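Secondary and tertiary structure notes
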Amino acid sequence: MSTSTRPKRRAAVKAVQVIEISDNDDDDSYAEESPEKRPRKTTKVTARKPRAVVKEPKEKKERTKAATTRKPRTTKKAAAAAKKEEEEIQDENTPPNVLPSDGDNIVESIDLEDDEPDGQTQSHEPQMDFQENESFEDDGCDVRPHPPPQKIQGRSSFWARRKIWTIDELLAETTNIEPRAAKNIVNLFENENTIPFICRYRRDLINHIQPEQLREIKTCYTEIVNLRKKAETIVTTLEKENVIDEEIRTEMLCAKSPEELEFLYAPYKPASRGSLAERAKALGLAEYADRLLYGELPHVHLKNIVDRKNPDLDTEEKVFNGICHIISHNISKHTGVLEEIRRLQKVHRITLKTSKLKPSKDAKGSEEASSSSNHHHHGGNKNDATKYEMYYDYSNDVRYLKPHQVLAINRAEKLKFLSVKIIVNDYFKNELERYIRSIFLEEGVKYPLRLEIFNKSFEECYSKKLYPLVSRQIRSDLNESAKKASIDVFAKNLKQLLLMSPLKGERILGIDPGFANGCKIAVISETADVLETGVIYPHRRNTDPEEWGEKLAKILKRHKCRLIALGNGTACRETEFWLSKLFELGILDSNLIRYSIVSEQGASIYSCSDVAKKEFPNMDMNEISAVSIARRLNDPLSEYVKIEPRHIGVGMYQHDINEKQLSESLNEVVSECVSYVGVDINTASITVLKHIAGLSEKKAEKILQHRADNGPFKTRKDLLQVKTIGEKTFVQCAGFIRIDPRSLGGRIENLLDCTWVHPESYAVAKKIISKCKLQLDDMGSPEFIQKIGDYVKSNNIETLAKEFKTPKERLEVVFQALQRELFKDYRSDFDKKPLFKQGLTRIDELSECEVLTGAVTNITHFGAFVDVGIECDGLIHVSKMGNAKLSIGDRVTVSVISIDVKRKRLGLRLEEMLLETDTSFSLG
């Protein structure tokens, strides 16, 4: 019988009187036992009041098997015959199913204690279920009362979600925010509002949620939207195939995570082409597999299935194995089984174990090369096997693994340093087997072949499908959480780096250090214009470093430059020792000259980019990188935005994260920072302008083109004259662009255009200024700021909000803007300035318990890296921080707790956070 025409299994029919026999005997053997050894049973008799006869829908009868297999296609003729036969069986053998009606909910339950053996119950006769085409005279038939058929589906309250959620409802539930705020956030995102705009000008709609949290909410919102689209696509596909009913459709649309949706979809997924299960089904064994799995009659006899003409069915062993493959596949796709696996993962101890791999010849060669190379990046060489020594024999409960540990193990595994294995205890397997037996073996006829095949199928299913599935799920969950943690760390560090205070009004000499190719230098003016470039060779053999020091001193003197920005790449520490020597010899004036270490991550990539070529068409690429390093000290934000954020090395294993997902998150951070600081639209470059909220690279190009053709913008409203800038775009970006009077000869039409007051609030701002008896032209003066402050203090903000008919939060934004100096850089609020030095100490000169000062250069989940003036950054482990919250640029006092000269590792303990940003050097 082919799989396409085999009869469908009829759902069990509910009886008017149901007798449930509860037996505590867990032994699965079928040998007869004496009545004395049998445990006591509880017989439950449930009597229902007779109800109106209603025929059970045919779709409902198929639902039991739908949980584990796709609905077979049948011809019209076969379907009609099956329907007729089903009606005959129902009329002759069983009372029809009844549906509840009003006033018909009376249920009587009687619990009886019975000491009799199985099968010897009270006079109540159990209603037995029979299948189509089955015979009552089959030898060995052991028909017992069945529990309710819902167990076959294996669905618990976990799936009982009858109401299809809306996006804002699931967003509120997932992110733990108020439903009203969730609804507003969904509407704002659907209308393409940006995070900077929402957080500054629509705080009243989102309950003052901070940008960091709103970024997470937006990520969750995107996932929910994609989940709904995926569910609708799956439902549409399955409805076309006519394999699901309304209940399954609703359950799929109610799924609240991709995992839940996958569990519900699993039974309807066809097996992979060429798999053992598919090949066995092609041989016509699916019918026999279903009869054995569900205990359907008639009995299956392997010898009757053997086909000597078919080489794949010519022995009972081949038939046996083929049936096992199908049952194994069906168990592995059962929704209830997948749900139970997830539940067991949460309650049982599951261990991740790593061990060292024996290196291959290629790995040995790369390891030797990496160890012999003399790279001095702060992060060290990621291919250095010694970094992963602690994981050579490591095991831990997966619930207690930290994100950085997961990322380190993944990288070491990828580099072939480690092997990784997920270890599941026996309790997990035993409990899972008990559950699977409960949903498949408690029903139907029982005979030795069924038990034998089930045991073999379960072992095959567990070893080849379920255990690998558990391992994949555990690793996937660990990787997902670690990936999110890495992105969060990178985003937080990037924001702190971009908001470092600029160093305005100073000329700076940038050095991109190197050995044989020399150190590239570039001097920039107070406005970041390039004054001079060149190359010096203090580390070349047979040269005098002091002579090159004299040349450097002359360049500094010629341009009246007092600051040096030194890149932290190759030869950084050697160059720093050279500069320290020049201070000692008096070649560099220690009373005037200072230097600072600057991250050069991404500088070489930028120097080769089209943006750099347009800006410096006639300059050597190596010298462009020196210009970039100098400008990073002059204005970090303006320079770092020219580089892809993922190339800025302030993260935690960021190079192992999906590039697209990382870039999307970091671009949001860049947009937030640029928008927060604001830009002068008449002087901003395209690299900065494109990151303003609401703008894109194409729109930024149109703005620059309009500026070139028509002259500078005189008001914010002039933006509406630019092609591609419509009302929606203008609303998003208007509050973050400035019309600086200094770019227009010292005067503009409306001074509000150089504040962060949004044009939609200009009328309110003018009313406030009038109430305070002030003039708009005086904005920014000390007297103006004082009077606005007094007005805010003397009035209740709630009362003012009603008076001006403006939400309190938006009114607060206006007051804050009116109380700021006109041209004050908002980054000064963070007060994070670069660390300047005049010398360097070697790591072998340090001793334990020595106290040092330094600046935080990177933050991770496991600690903070600090530049303390030696050739490598020290690490303050999270356990040595004393619950302090550090950020990039913080000045700290630390004590040395461990020194590893060979591996150049320095362990530190946080002693104190310094309030002064830089006490060693003043630019005034």
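Residues numbered from 1 in each chain as written. Predicted model: local features only at pLDDT ≥ 70, side-chain atom pairs only at ≥ 80, totals over all residues. Heavy atoms only, no water.

Examining the overall build of the protein chain
Worth spelling out the cut-off: Note on conventions: DSSP H or I runs of at least 4 residues are helices, E runs of at least 2 residues are strands, and numbering of each starts at the N terminus. Relative accessible area decides the class of each residue, using a 1.4 Å probe on protein chains only: under 20% of the type maximum gives buried, over 50% gives exposed, and in between gives partly exposed. Contacts are residue-level and defined by heavy atoms, with any inter-residue pair within 4.5 Å sufficient. For accessible areas, the Shrake-Rupley method is used with a probe of radius 1.4 Å. Any residue's cover is judged against the shown protein chains and nothing else.
Secondary structure assignment for the protein chain yields 33 helices and 18 strands. Relative to its full complement of 924 residues, the protein chain shows a buried share of 50%. Within the protein chain, contacts between residues separated by at least 24 positions form 72% of all contacts whose residues are at least 6 apart in sequence. Split by element, the accessible area of the protein chain, about 46100 Å² in all, is 49% carbon and sulfur.

Some thoughts on the sheet that holds strand E5 (residues 393–397)
Sheets are built from strands paired through backbone hydrogen bonds, the pairs being either parallel or antiparallel. Keep this limit in mind: Strands were regarded as paired on the criterion that DSSP finds at least two bridges between them. Convention adopted: a line fitted to C-alpha atoms gives each axis, helices being fitted over their contacting stretch, and angles between N-to-C directions are expressed from 0 to 180 degrees.
Read from one edge of the open sheet, 3 strands run E5-E4-E6, paired in antiparallel fashion. Both edges of this open sheet fall to E5 and strand E6 (418–424), since each of them pairs with a single strand only. Put simply, the sheet's adjacent strands are angled 15° from each other on average, direction ignored. Seen against the sheet, helix H19 (residues 448–498) touches strand E4 (350–356) and E6 and runs at an angle of roughly 115° to E6.

Brief notes about the sheet that holds strand E16 (residues 874–877)
Read around the closed barrel, the 5 strands follow the order E14-E15-E16-E18-E17; overall the barrel is mixed. Ignoring strand direction, the axes of neighbouring strands in this sheet form an average angle of 50°. Where strand E14 (residues 851–860) lies against strand E15 (residues 863–867), 5 bridges are found, and the strand directions are antiparallel. Considered in E15, the bridge of Ile859 is made with Ala864.

Section: the nonpolar core
Side chains of a nonpolar character, in soluble globular proteins, are inclined to be buried together. Note the threshold: Among the buried residues, those of types Ala, Val, Leu, Ile, Met, Phe, Trp, Tyr and Cys that are joined through side-chain atoms within 4.5 Å form a nonpolar core.
By size, the foremost hydrophobic cluster in this structure holds 180 residues, and its most contacted members are Ile323, Ile436 and Ile768. A per-element tally of this core places H19 first, with 20 residues. Not counting the four nearest positions on each side in its chain, Ile323 is found in contact with Leu285, Tyr288, Ala289, Leu292, Leu302, Ile305 and Ile453. Counting 37 residues, the second-largest nonpolar core is a separate cluster that includes Leu171, Ala182, Ile224 and Val243.

A closer look at a negative patch on the surface
To keep things clear, this is the line we draw: For patch building, the residue pool is restricted to those with more than 30% relative accessible area and no salt bridge; the joining distance is 9 Å between like charges and 5 Å between nonpolar side chains (Val, Leu, Ile, Met, Phe, Trp, Tyr). What makes a salt bridge here is a side-chain nitrogen of Lys or Arg within 4 Å of a carboxyl oxygen of Asp or Glu, nothing more. Neither His nor the chain ends is counted toward charge; the positive residues are Lys and Arg and the negative residues Asp and Glu. Where a charge lies is defined by one atom per residue type: Lys uses NZ, Arg uses CZ, Asp uses CG and Glu uses CD.
Among the surface-exposed residues, Asp544, Glu546, Glu547 and Glu550 lie close enough to one another that they form a single negatively charged patch. The exposure class of Glu550 is partly exposed, given its relative accessible area of 41%.

Here we look at the side chain of Thr715
Summarising the element assignment, Thr715 is placed in the loop between helix H28 (697–710) and helix H29 (727–733). For Thr715, the residues in contact, after removing those within four places along its chain, are Ile739, Glu749 and Asp753.

Some words on the packing of helix H8 (residues 211–241) against helix H10 (residues 258–265)
Where we set the bar: Oblique is the label for any angle not covered by the other classes, which are roughly parallel (under 35 degrees), roughly antiparallel (over 145) and roughly perpendicular (65 to 115).
It is the contact of H8 with H10, at a shortest axis distance of 10 Å, that shows an interaxial angle of 10°. Regarding the angle of H8 to H10, the classification is roughly parallel. Where H8 abuts H10, its residues Leu227, Lys230, Ala231, Ile234 and Leu238 lie against Pro258, Leu261, Glu262 and Tyr265.

Brief notes about the environment of Ile323
The topology assignment puts Ile323 in helix H14 (residues 316–332). Classification of Ile323 as buried rests on a relative accessible area of 0%.

Focus: the confidence of the model for the protein chain
Cut-off, in case you're wondering: The quantity known as pLDDT measures the predictor's confidence residue by residue, on a range of 0 to 100.
Here the protein chain shows a mean pLDDT of 79. Residues at 70 or above account for 77%. Element-level pLDDT for the protein chain is lowest in strand E1 (residues 17–22), with a mean of 35, against a maximum mean of 96 in helix H6 (residues 179–190). Every residue in residues 81–161 is under pLDDT 50, and counting partners more than four places away or in other chains gives 166 contacts. Across residues 366–380, confidence stays below pLDDT 50; counting only partners more than four residues off in sequence or on other chains, it has 19 contacts.

Observations regarding the pairing of E15
Side-chain direction in a regular strand flips from residue to residue, so the side chains alternate between the two faces of the sheet. For E15, the buried fraction is high: 4 of the 5 residues fall into the buried class. In this antiparallel pair of consecutive strands, E14 and E15, the connection spans 2 residues. In this structure, E15 lies alongside E16, joined through 4 bridges in antiparallel fashion. Looking across to E16, one finds that Ala864 is bridged to Ile876. Between the antiparallel neighbours E15 and E16 lie 6 residues, among them Gly869 with a positive phi of about 90°.

Section: the pattern of salt bridges
For the structure shown, the criterion picks out 41 salt bridges. Note that Arg573 and Asp873 form a salt bridge whose closest N and O atoms lie 3.9 Å from each other. In this pair, Arg573 is assigned in helix H21 (residues 572–585) and Asp873 in the loop between E15 and E16, connecting sequence segments 300 residues apart. Each member of the pair, Arg573 as well as Asp873, is classed as buried. In this structure, the salt-bridge partner of Arg903 is Asp900, at a minimum N-O distance of 3.9 Å. Judged by its relative accessible area of 34%, Arg903 falls in the partly exposed class. Its relative accessible area of 24% is what places Asp900 among the partly exposed residues.

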